[in-house]
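Residue-level structural notes
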Amino acid sequence: MKCPNCKQKFDESKEFCQHCNLKKTDLKLVTVLKTSNPMTISFAKSILQDSKIKFITKGESIRAVYPLTNLGTVEFLVMKKDESEAKNILKEINETS
Ligand SMILES: [Zn+2]
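All figures in this text were calculated on a predicted structure; none of them were measured in a lab.

1. What to know about the overall build of the chain
- Looking only at helices and strands, one finds three helices and three strands in the chain.
- Put simply, the chain runs from its N terminus to its C terminus through helices and strands in the order β-α-β-α-β-α.
- Residues classed as buried in the chain amount to 14% of the 97 residues present.
- Of the contacts formed within the chain by residues at least 6 apart in sequence, a portion of 53% connects residues at least 24 apart.

2. Concerning the pairing of strand β3 (residues 74-79)
- Side chains Val74, Phe76 and Val78 of β3 all project onto a buried face; the interleaved residues Glu75, Leu77 and Met79 project onto a face where none is buried.
- As paired elements, strand β1 (residues 29-35) and β3 share six bridges and run antiparallel to each other. Residue pairing across strands places Thr31 opposite Leu77, the latter belonging to β3.
- As paired elements, strand β2 (residues 55-58) and β3 share four bridges and run antiparallel to each other. Looking at β3, one finds that Lys58 is bridged to Glu75.

3. Quick word on the sheet that holds β3
- Spatial ordering of the open sheet is given by β1-β3-β2, a layout of three strands whose pairing is antiparallel. Two strands in the sheet have a free side with no partner beyond their single neighbour: β1 and β2. With direction set aside, neighbouring strand axes in the sheet form an average angle of 30°.
- Packing of helix α1 (residues 38-50) onto the sheet brings it into contact with β1, β2 and β3, and relative to β1 it is tilted by some 140°.

4. Thoughts on unusual backbone geometry
- A positive phi angle, near 65°, is found at Lys7, a position not held by glycine.
- The topology assignment puts Lys7 in the segment before β1.
- Here Lys52, not a glycine, exhibits a phi torsion of approximately 65°, which is positive.
- Here Lys52 shows up in the loop between α1 and β2.

Reading the values: rules and limits
Residues numbered from 1 in each chain as written. Predicted model: local features only at pLDDT ≥ 70, side-chain atom pairs only at ≥ 80, totals over all residues. Helix = DSSP H or I, 4+ residues; strand = E, 2+ residues; numbered from the N terminus. Buried ≥ 20, exposed ≤ 12 C-beta atoms within 10 Å, placed from the backbone. Contact = placed C-beta atoms within 7 Å. Pairing = 2+ DSSP bridges. Axes fitted to C-alpha atoms, helices over the stretch in contact; angles between N-to-C directions.

Rendered as structure tokens:
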């Protein structure tokens with residue numbers, strides 16, 4: 001497996017990346033936002049991209065078929081090490097949605 005932080009080979013028997021010292025537990029993905037609001041989804045994407053936090057989304061396949069409806073909930077996941085930062089930026093939109 002590759003370290004997502006430094007892109008070097010990550011020895012999975014070790015607790016830390018030997019190249020950048022990233023903790024293995026920090027590689028876990030955590031959900032920072034769940035929403036079915038199309039406005040919230042596009043806003044969350046743009047602010048996460050702006051802040052350079054790597055994220056993935058789950059549940060967008062339904063939305064790709066019905067983009068303008070509220071069908072399906074989209075989840076935003078980030079690496080554990082970015083969790084607090086991501087939650088912090090997303091707090092604003094969580095409160096308004
Ligand atoms: Zn690394």
